Amino acid sequence: MRIMTRLQNPLRRTLLAIVAILAVVAGGLAGSVDRAAAEPPSFCDINNDGFHDLIVGAPGWDQDFENEGAMLIYLGRNNATDPLNPVPFQALVSPRDIAATNNQYGSTFVCADFDADGFDDIAVGVSKAQINLDGDSIPGAGLVTIVFGEPLSRGSIEGWNFTQQAFSGETDARPGDAFGFELSWGDYDGDGVADLAASAPGQDFFPDAGGEVSNVGSVHIGYGHSRLAQSGVFDRTQMIAQGFNTKGRPRANNFFGESLVSANFAGDIATDLVVGAPREDVKGVRDAGTVTVIKGKIGRGLRGGQILSKKAKKIPGNPQVDGRFGATLFLTSLLGDSTDDLLIGAPREDVGGKVDAGAVYVIPGKANGKLQVKRTVRLHQDSPGIADKAEAGDLFGASLSIADWNGDGFFDLIAGVPFEDVRKGRDAGAIHVIQGNAKGLSRRDSLQHQSRRSIGGRAKTGELFATSISVGNFNANGAIEMAIGVPLENVAGMRDVGRVNIVGGLARQILQPPPDLLQAGMRFGSFNRAVSLGTYVNNPTSTGVFDPANTGTH
């Protein structure tokens, strides 16, 4: 059975402010936001005014249920130092028919124009949601909600809920599938309309030769089209799993799809999809992790694939127990050409005997669409030129992004280290800014945190600065600003409220929830799933993601 429903009692919302659409100004990106086939995944323009907007998740926010979750939308504007309007344009909460305890709405979302109307839409993964199918309640099956941008820009919330069946129609939802756990978008068939990828890392499979295989994982693709908002039906759908539409072996507890990113390695109009299985065993090494690159084909969608892991001698180092290669993924063009380079985080890799110190792998792209695996570079805090030193439990690479930090025209690699100790602040968190140059990456690095003037504030124990990072050109001046999440910052005497630091160019801005929405434990500052702070567990009642208590070592 295929299920797609309009948002029931459309999402209850707190309309905090209706902000007039900003006038388009000349220069920079204003009036013409570049929607390349595989731009950084968090670029978002809800009201189609040429300024990137920022969506901030607060997965611990309570309305009718504990940890029900919410999201706040901040609009970009023409202001060099404070590029985002500090008053949220809109607050979104979970649809009432799926709202429940520990749904953590706002943990996972992406922004893209799925109906080709010029306004970016918001797709939200609610992987913990219980759904009702043929009279049966299925806990933890998960679903995806799409809120459409054009009506949202007018203050109206309209959209659809999509179950796994409506998305792909090829599988039956089961408890713990966690559909919507991770999301990405791209133009996978090159038709000029954004398509949506949603993972279900807990999905089980039934191979022809034997019984059930648990937690294999899958990714479901919904191909966008101009009638999506009206029909609630994708142009076509596709399911991808190891051994099905791509390479790999569907083995138990691979959790294929725990991380996703879309890329454009060939520089053509069809986007590729990169899928992480950070808990797949490699050469008998438990949870060493793999990454699969699936090629986008014009008119055909996603096909084939290339598997990357530490098993290949071309990638530095050996597979490590619980190394989680592929736990975080990001893309960029470090050389500024038409091909993307792949950034792979392994935040639980050991470095020089330091357990869970973390590492990042940079794999350059090539004009023919193939990754130059032989040129892979492994970076960690003991690498030459990297500031600081590797320490147990830092989780270097737990979040990844890019920005032109020093304004020299080259992208710099940003690696989050949320458990970095800063002065007297244990687990205060920091970022490494590894500078780019004409050859890609240099050996020049700086460690930035809240006690530095470049960020602002004060690094304090347990705040987990840089748990997640988003990017955008919020003031349309052509430079990339970073939004750095600090989900466990205390605000107004309340614990774990969270905040966001906006930095880059002249921007130095701090965002906090408005007073009427402040709650202890709301964890404001999520831009997408913080994979390193708790991974999917096939237990519909577990608090799982974004809960530092679930890391086992912190």
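In the block above lies the structure referred to throughout.
Residue numbers here run from 1 along each chain, matching the order of that chain's written sequence. Thresholds applied to this predicted model are a pLDDT of at least 70 for local features of residues and 80 or more for the giving and counting of side-chain atom pairs; totals over whole chains, interfaces and linings are not thresholded and use all residues. Hydrogens are left out, water is left out, and the side-chain values use all remaining heavy atoms of the structure.

J.: I keep staring at unusual backbone geometry and nothing clicks. Help me out?
T.: Only a minority of non-glycine residues have a phi that is not negative, and only a minority of peptide bonds are not trans. The residue Lys-283 is not glycine, and still its phi comes out positive at about 55 degrees. Labels follow the DSSP assignment, with helices taken as runs of H or I lasting at least four residues and strands as runs of E lasting at least two, numbered in each case from the N terminus. Here Lys-283 shows up in the loop between strand 17 (272-277) and strand 18 (290-297). Positive phi, normally seen in glycine, also occurs at Leu-395, with a value near 60 degrees. Relative to the assigned elements, Leu-395 resides in the loop between strand 23 (377-379) and strand 24 (399-403). Only protein chains enter the accessibility calculation, which uses a 1.4 Å probe. A residue is then buried if its area is under 20% of the maximum for its type, exposed if over 50%, and partly exposed in between. A relative accessible area of 0% places Leu-395 in the buried class.

J.: Please explain the packing of aromatic side chains as it appears in this structure.
T.: Working definition: an aromatic ring pair is given by the centre-to-centre distance plus the angle between the planes. Whether two aromatic rings pair depends on their centres lying within 6.5 Å, for rings of Phe, Tyr and Trp, where Trp uses its six-membered ring; planes under 30 degrees apart make the pair stacked, over 60 edge-to-face, and the rest tilted. Taken as a whole and assessed by the stated rule, the structure comprises three aromatic pairs. The interplanar angle of 75 degrees and the centroid separation of 6.3 Å between the aromatic rings of Tyr-74 and Phe-524 together place this pair among those described as edge-to-face. Taken together, the positions of Tyr-74 in strand 4 (residues 70-74) and Phe-524 in the segment after strand 31 (507-511) put the pair 450 residues apart, joining distant regions of the chain. With a relative accessible area of 0%, Phe-524 lands in the buried category. A centroid spacing of 5.2 Å and a plane angle of 75 degrees characterise the contact between Phe-325 and Tyr-361, whose relative ring orientation is edge-to-face. One end of the pair, Phe-325, is in the loop between strand 19 (301-309) and strand 20 (328-332); the other, Tyr-361, is in strand 22 (residues 359-363), and 36 residues separate them in sequence. Here Phe-325 and Tyr-361 have matching classes, each one buried. Should the NZ of a Lys or the CZ of an Arg lie within 6 Å of a ring centre and within 35 degrees of the ring normal, that charge is described as sitting over the ring. Lying over the aromatic face of Tyr-223, Arg-236 brings its terminal NZ or CZ to 4.1 Å of the ring centre.

J.: Quick question: what am I supposed to make of the pattern of salt bridges here?
T.: When a carboxyl oxygen of Asp or Glu is within 4 Å of a side-chain nitrogen of Lys or Arg, the pair counts as a salt bridge. Across all of its chains, the model carries 16 salt bridges by this definition. Among the salt bridges present, the one from Arg-279 reaches Glu-258, with a minimum N-O distance of 2.7 Å. Of this pair, Arg-279 sits in the loop between strand 17 and strand 18 while Glu-258 sits in the loop between strand 15 (236-240) and strand 16 (259-263); the two residues are 21 residues apart in sequence, bridging distant segments of the chain. Here Arg-279 and Glu-258 have matching classes, each one buried.

The quantities given are spatial measurements derived from coordinates; they are silent on function.
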